[in-house]
Amino acid sequence: MKTITLESMRRMAELAGFDWTDAELEAIRPAVEGALHSLEELEQLPLGGVEPPTYYRVD
Amino acid sequence: MKEIVWLSLSELARKIRAKEISPVEVVQAYLDRINELDPLLKAFITVCGDEALEAARKAESDLLARSQARPLGGVPIALKDLFSTAGIRTTGGSRILADSVPKEDAAVVQRLRAAGAIVLGKLNMHEFAYGPEGLNDHYGHTRNPWDANDLRIAGGSSSGSGAAVAAGLVPAALGSDTGGSIRIPASLCGITGLKPTYGRASRTGVLPLAWSLDHVGPMARTARDCALILKCIAGHDPSDPTSSALPVPDYEAALTGEIQGLRIGLARRFFLESAMPEVREAVERAVKLLEQLGARIEEVNLDSVSYSTPVAFAIVASEALAYHAEWMRARPGDYQTDVRERLMMGAFVTGLHYVRAQQARALIRKEIDRALTGYELLLTPTTPTPATLLGQDEVMLPSGPSDVRSALLSLTRPFNCTGHPACSLPCGFTSAGLPIGMQLVARAFEEATLLRVADAYQRATDWHTRRPPLANRHAAPERPGLDTRYLP
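Residues numbered from 1 in each chain as written. Chains lettered and ligands numbered in written order. Predicted model: local features only at pLDDT ≥ 70, side-chain atom pairs only at ≥ 80, totals over all residues.

What about the overall build of chain A?
Scanning chain A from terminus to terminus reveals 2 helices and 0 strands. For chain A, the proportion of its 59 residues judged to be buried stands at 15%. (Helix = DSSP H or I, 4+ residues; strand = E, 2+ residues; numbered from the N terminus. Buried ≥ 20, exposed ≤ 12 C-beta atoms within 10 Å, placed from the backbone.)

Points about the overall build of chain B
Scanning chain B from N- to C-terminus turns up 14 helices and 13 strands. Taking 2.2 N^0.38 as the reference for a compact globule, 488 residues should give roughly 23 Å; the C-alpha atoms of chain B span a radius of gyration of 21 Å, in line with that estimate. Counting only C-alpha atoms and orienting by the principal axes, one finds that chain B spans roughly 60 × 60 × 50 Å. Residues counted as buried form 60% of the 488 residues belonging to chain B. Relative to all contacts within chain B whose residues are 6 or more apart in sequence, the contacts with residues 24 or more apart total 78%. (Rg over C-alpha atoms; globule rule 2.2 N^0.38 Å. Contact = placed C-beta atoms within 7 Å.)

Notes on the interface of chain B and chain A
Contacts between chain B and chain A engage 25 residues on the former and 25 residues on the latter. The set of elements that each furnish at least two residues to the side of chain B that touches chain A consists of helix H9 (308-330), helix H10 (337-345) and helix H11 (351-374) of chain B. Residue contributions to the side of chain B that touches chain A peak at 10 residues, all from H11 of chain B.

Let's talk about the nonpolar core
One finds Ile-77, Ile-118, Ala-164, Ala-173 and Leu-440 of chain B to be the most contacted residues of the largest nonpolar core, which totals 166 residues. In contact with Ala-173 of chain B, not counting residues within four places along its chain, are Ile-77, Ala-78, Leu-79, Lys-80, Leu-123, Ser-161, Ala-164, Val-165 and Met-219 of chain B. (Core = buried A, V, L, I, M, F, W, Y, C linked by C-beta atoms within 7 Å.)

Brief notes about the confidence of the model for chain B
Residue and element names in this part refer to chain B. Considering every residue of chain B, the mean pLDDT works out to 94; 96% of them sit at 70 or more. Here residues 474-488 is modelled with pLDDT under 50, and outside its nearest four sequence neighbours on either side it reaches 31 contacts, counting other chains as well. Reported for the predicted complex are a pTM of 0.95 and an ipTM of 0.95. (pLDDT = per-residue confidence, 0-100.)

Some thoughts on helix H1 (residues 6-15) of chain A
Taking burial as the measure, the 10 residues of H1 of chain A include 1 buried ones, a minor fraction of the element. Note on H1 of chain A: the residue one or two positions beyond its end, Gly-17 of chain A, has a positive phi of about 90 degrees.

Some thoughts on the environment of Gly-179 of chain B
All names here are of chain B. Inspection of the secondary structure puts Gly-179 in the loop between strand E4 (172-177) and helix H6 (183-189). Classification of Gly-179 as buried rests on a count of 32 C-beta atoms within 10 Å. Placed 24 residues apart in sequence, Gly-179 and Gly-155 show a C-alpha to C-alpha distance of 12 Å.

What to know about the sheet that holds strand E9 (residues 377-381) of chain B
Hydrogen bonds between backbone atoms are what pair the strands of a sheet, whose relative direction is either parallel or antiparallel. All names here are of chain B. In space, the 11 strands of this open sheet follow the order E1-E3-E2-E4-E6-E5-E12-E13-E9-E7-E8, with mixed pairing throughout. In the strand order of this sheet, the two ends are held by strand E1 (44-47) and strand E8 (296-300), each with one partner. Strand-to-strand twist of the sheet, defined as the mean angle between neighbouring strand axes without regard to direction, takes the value 30 degrees. Two elements, E1 and strand E3 (residues 118-123), share 3 bridges in a ladder whose sense is antiparallel. Of the residues in E3, the one forming a bridge with Thr-46 is Lys-122. (Pairing = 2+ DSSP bridges. Axes fitted to C-alpha atoms, helices over the stretch in contact; angles between N-to-C directions.)

Re the packing of helix H2 (residues 22-40) of chain A against H10 of chain B
Where H2 of chain A meets H10 of chain B, the axes come as close as 10 Å, and the angle between the chain directions of the two elements is 50 degrees. Considered as vectors, H2 of chain A and H10 of chain B are oriented oblique to each other. Between H2 of chain A and H10 of chain B lies a crossing of right-handed hand. Together, Ala-27, Ile-28, Ala-31, Val-32 and Ala-35 of chain A of H2 of chain A and Glu-341, Met-344 and Met-345 of chain B of H10 of chain B make up the contact between the two elements. Per-class residue counts for the contact of H2 of chain A with H10 of chain B are 7 nonpolar, no polar and 1 charged. (Parallel < 35°, antiparallel > 145°, perpendicular 65-115°, else oblique. Left-handed = near helix turned anticlockwise from the far one by under 90°. Nonpolar A, V, L, I, M, F, W, Y, C, P; charged D, E, K, R; others polar.)

Some details on the pairing of strand E11 (residues 400-403) of chain B
Side-chain direction in a regular strand flips from residue to residue, so the side chains alternate between the two faces of the sheet. Residues and elements named next belong to chain B. Note that strand E10 (residues 394-397) and E11 share 4 bridges and pair antiparallel. Of the residues in E11, the one forming a bridge with Met-396 is Pro-401. Here E10 folds back onto E11, and the loop between the two strands holds 2 residues.

Brief notes about the environment of Ile-77 of chain B
Residue and element names in this part refer to chain B. Assignment of secondary structure puts Ile-77 in strand E2 (residues 76-80). Considered as a pair, Ile-77 and Ala-173 are 96 residues apart in the sequence and their alpha carbons are 5.5 Å apart. Those residues in contact with Ile-77 that sit more than four places away from it in its chain are Leu-112, Ala-117, Ile-118, Val-119, Leu-120, Val-170, Ala-172 and Ala-173.

So, helix H8 (residues 277-292) of chain B
Residues and elements named next belong to chain B. Between its first and last C-alpha, H8 extends 23 Å over 16 residues, near the 22 Å set by a 1.5 Å rise per residue. Among the residues of H8, Val-279, Ala-282, Val-283, Ala-286 and Leu-290 are the ones counted as buried. Within H8, the buried residues cover an arc of 95 degrees as seen down the axis, which keeps them to one side. Within H8, the exposed residues directed more than 90 degrees away from the buried face are Pro-277, Lys-288, Glu-291 and Gln-292. (Expected span 1.5 Å × (residues − 1). Arc of directions from axis to C-beta.)

Structure follows, in structure tokens:
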């Protein structure tokens, strides 16, 4: 399971402009670790030549 | 008077056109029913009684004056409370928008009104559509009408839409679907719900959860009713940048009852085999019936759909937090706990995760498109479990214990990632009397095929005509100490 420290979470939240308490961050830490672990699965996929389906359309 | 509320939307529209019943009579029957049952069900956030009766009187005059009746003339409909309604508050099921009154209707609401529909009210939902259970700390948790006294969830996030249609409080509703929020409550409440192709119905004026995954669509008792509503709301909207300009077919005309030779791919791995035994058996019986009706059914593997969980997480968490960032800084305490915590998680998804998720989404889409070259439709259960109890954290699936939220989303979410049209329709009941839904998925913009098969199935079955018992019509107390927090 991927782990993330409280300090890393604090820093990421701060960078995103959120002032969350340690207790609030601790409460979601297991869920964040689970989610980061599942996101690692995407790195196993052959995505090298795949263009993401996000586009900017000029009408 | 009671029987009016059990007529389908199509029957109501026809009877009103034929002047067999008056719109005022119809609206009053539903208002009486809401008054009787909504204190128990908590399906509505706002009931527009006076406005609806006034609109019904106008519809009655219109009927006498017009030579050409409108498709939904005088028919009441209700809206999940994230569709903007001019002059009527649109809360998103939140405290933050409790007093927000839009100046304009959402594009699809404008289209419904232009088709003659009467807005009966605004329906309860999981706060800001961010949860598949249909929980709401501010307006009460919507109860499932099939077991309201034992406090079961209606499913979400369009919980009020599912419960209100199932309990006969309204003949049809609009819902929205980012990971299954139309199809999950349709499945758990025993009604029919359609998520159209991404871009088929406009999102303008609809509060977003995640722009690139949000869909809007009808929830009703029958596939025919969904066809009637979709015909009214679909079509190009220049103010929605993702809206499709493809022409809108006549969905009702496609309902021929004929499915001879139609090829359906049954998704066993990941889908059918993950469902609880009673759900699996009901879906397998539905498969046999579709074969008897002439469909050719083969098993199909969709291997990449297992990636839809991290894909959807990265996209929804990022887009939802981006939308809510300002309120999350200024008023975090005004969110219910589970929604605030889900929103917080978006801060820990990096740009790399988001792009990887979008790339993986393209792979999943490609695989579903490829599968749909060999089949007109795919068939799966809608949810692996029937409605769970309010406050229940875990459900036992064949693969082992799962948190309720993940289980509810698991089979619907892949088709939000791909944008394919998908509907849920009732295909049986558990031994405890809870509805079971099956999901049909079609090629992009082939809603007509989807609805044709759903309608053919409903011509041959009566699951969609059954009514919830609601035997003890008294308001149940809130369950004390209910914890709505989500930790996967």
